[in-house]
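This is what each chain is made of:
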Amino acid sequence: MTRILGIDPGSQRTGVGIIDVAADGRIAHVHHQPLVLLDAESFPLRLRKLLDGLWELIAQYAPDEVAVEQVFLSNNAMSALKLGQARGAAVAACVARDLPVSEYAAKEIKLGLVGSGGADKKQVQHMVGVMLGLQGKLQSDAADALAVAITHAHVRASANRLGVAARTAWGRKGRGRR
């Protein structure tokens with residue numbers, strides 16, 4: 001059994017989702033939630049809250065691997081910068097606990113789950129719910145984090161079947177670097 005922590009970074013809310021992957025490829029839901037960072041007094045304290053929240057989850061759930069959504073470009077430079085800083089804090093929180101981190105673009109995640117890189121959030125949420133047998137509406141950040149974890153599970157399974165390293169299974173761009 002491999003436990004994967006998926007992270008959808010955000011400077012206001014960071015989605016986290018944890019799944020277990022059996023040797024035969026079956027996936028099971030373990031936990032999901034948004035880490036709400038808005039009540040911190042300043043942006044640096046949001047980053048601290050993000051670090052503390054991830055470290056608590058890592059200690060509680062003991063994931064074996066981490067998958068993080070890559071930053072997309074934004075029209076607002078300040079928003080993109082803050083998102084990049086939150087993503088960097090999330091990656092640093094995981095590597096500080098010696099966890100391997102793989103990265104996936106939003107289009108790759110949507111393509112892997114829904115079959116279209118242009119899928120909307122509702123389609124992703126629906127497929128996550130179906131794949132994990134979850135009832136009710138999923139909070140969007142947490143659903144996105146579960147989607148990242150599921151994508152990583154699929155990439156790992158494909159790599160194992162092909163007998164190649166997971167970091168080369170998705171493409172030739174070197175995704176999945178530590």
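This text follows the structure it describes.
Described in the following lines is the structure provided in the data block. (Residues numbered from 1 in each chain as written. Predicted model: local features only at pLDDT ≥ 70, side-chain atom pairs only at ≥ 80, totals over all residues. Heavy atoms only, no water.)

This next bit is on the nonpolar core. Membership of the largest hydrophobic core comes to 21 residues, with the highest contact counts inside it found for Leu5, Ile7, Leu35, Leu50, Leu54, Val66 and Cys94. When residues of this core are traced back to their parent elements, those giving at least two are strand S1 (2–8), strand S2 (13–21), helix H1 (43–61), strand S4 (65–69) and helix H2 (77–95). Broken down by element, the residue count for this core peaks at six residues, all from H1. With near-sequence residues (within four places) excluded, Leu54 lies in contact with Ile7, Val16, Leu35, Ala90 and Ala93. Counting residues in hydrophobic clusters, the runner-up holds 19 residues, among them Ala67, Leu132, Leu138 and Ala149. (Core = buried A, V, L, I, M, F, W, Y, C linked by side-chain atoms within 4.5 Å. Buried < 20%, exposed > 50% of the residue type's maximum accessible area, 1.4 Å probe, protein only. Helix = DSSP H or I, 4+ residues; strand = E, 2+ residues; numbered from the N terminus. Contact = heavy atoms within 4.5 Å.)

To continue, consider the packing of aromatic side chains. Summed over the entire model, instances satisfying the criterion amount to zero aromatic pairs. Here the guanidinium or amino end of Arg97 rests over the ring plane of Trp55, the centre of that ring lying 4.2 Å away. (Phe/Tyr/Trp six-rings, centres within 6.5 Å; stacked < 30°, edge-to-face > 60°. Lys NZ or Arg CZ within 6 Å of the ring centre and 35° of its normal.)

Counting buried positions along S1 gives six out of seven residues, so the element sits mostly inside the fold. Of the strand pairs in this sheet, S1 and S2 are connected by seven bridges, and their pairing is antiparallel. Within S2, the residue paired with Ile4 across the bridge is Ile19. In sequence, S1 turns back onto S2 through a hairpin of four residues. Looking at chain direction, S1 and S4 are connected through four bridges and run parallel. Looking across to S4, one finds that Leu5 is bridged to Val66. (Pairing = 2+ DSSP bridges.)

Phi is positive for Ala62, which is not a glycine, with a value near 50°. Here Ala62 lies in the loop between H1 and S4. Unlike most non-glycine residues, Asp98 shows phi in positive territory, near 60°. Looking at the element boundaries, Asp98 is found in the loop between H2 and strand S5 (101–104). The class of Asp98 is exposed, set by a relative accessible area of 63%.

Turning to the pattern of salt bridges, a few remarks are in order. This structure, assessed with the given rule, holds six salt bridges. Measuring nitrogen to oxygen at the nearest pair gives 2.3 Å for the salt bridge that ties Asp39 to Lys49. Of this pair, Asp39 sits in the loop between strand S3 (27–36) and H1 while Lys49 sits in helix H1, and the two are ten residues apart along the sequence. Residue Asp39 is classed as exposed on the basis of its relative accessible area, which comes to 58%. For Lys49, a relative accessible area of 30% gives the class partly exposed. Across the pair Arg48 and Asp52 runs a salt bridge, and its minimum N-O distance is 3.0 Å. Within this pair, Arg48 and its partner Asp52 are both found in helix H1, separated by four residues, close to a single helical turn. (Salt bridge = Lys/Arg side-chain N within 4 Å of Asp/Glu carboxyl O.)

Given a rise of 1.5 Å per residue, 19 residues ought to cover 27 Å, and the 27 Å separating the end C-alpha atoms of H2 matches this to within 8%. Within the sequence span of H2, burial applies to Leu83, Ala86, Arg87, Ala89, Ala90, Ala93 and Cys94. Buried residues in H2, looked at end-on, bunch into an arc of 155°, giving them a common side. In this structure, the buried residues of H2 make contact with S1, H1, S4 and S5. (Expected span 1.5 Å × (residues − 1). Arc of directions from axis to C-beta.)

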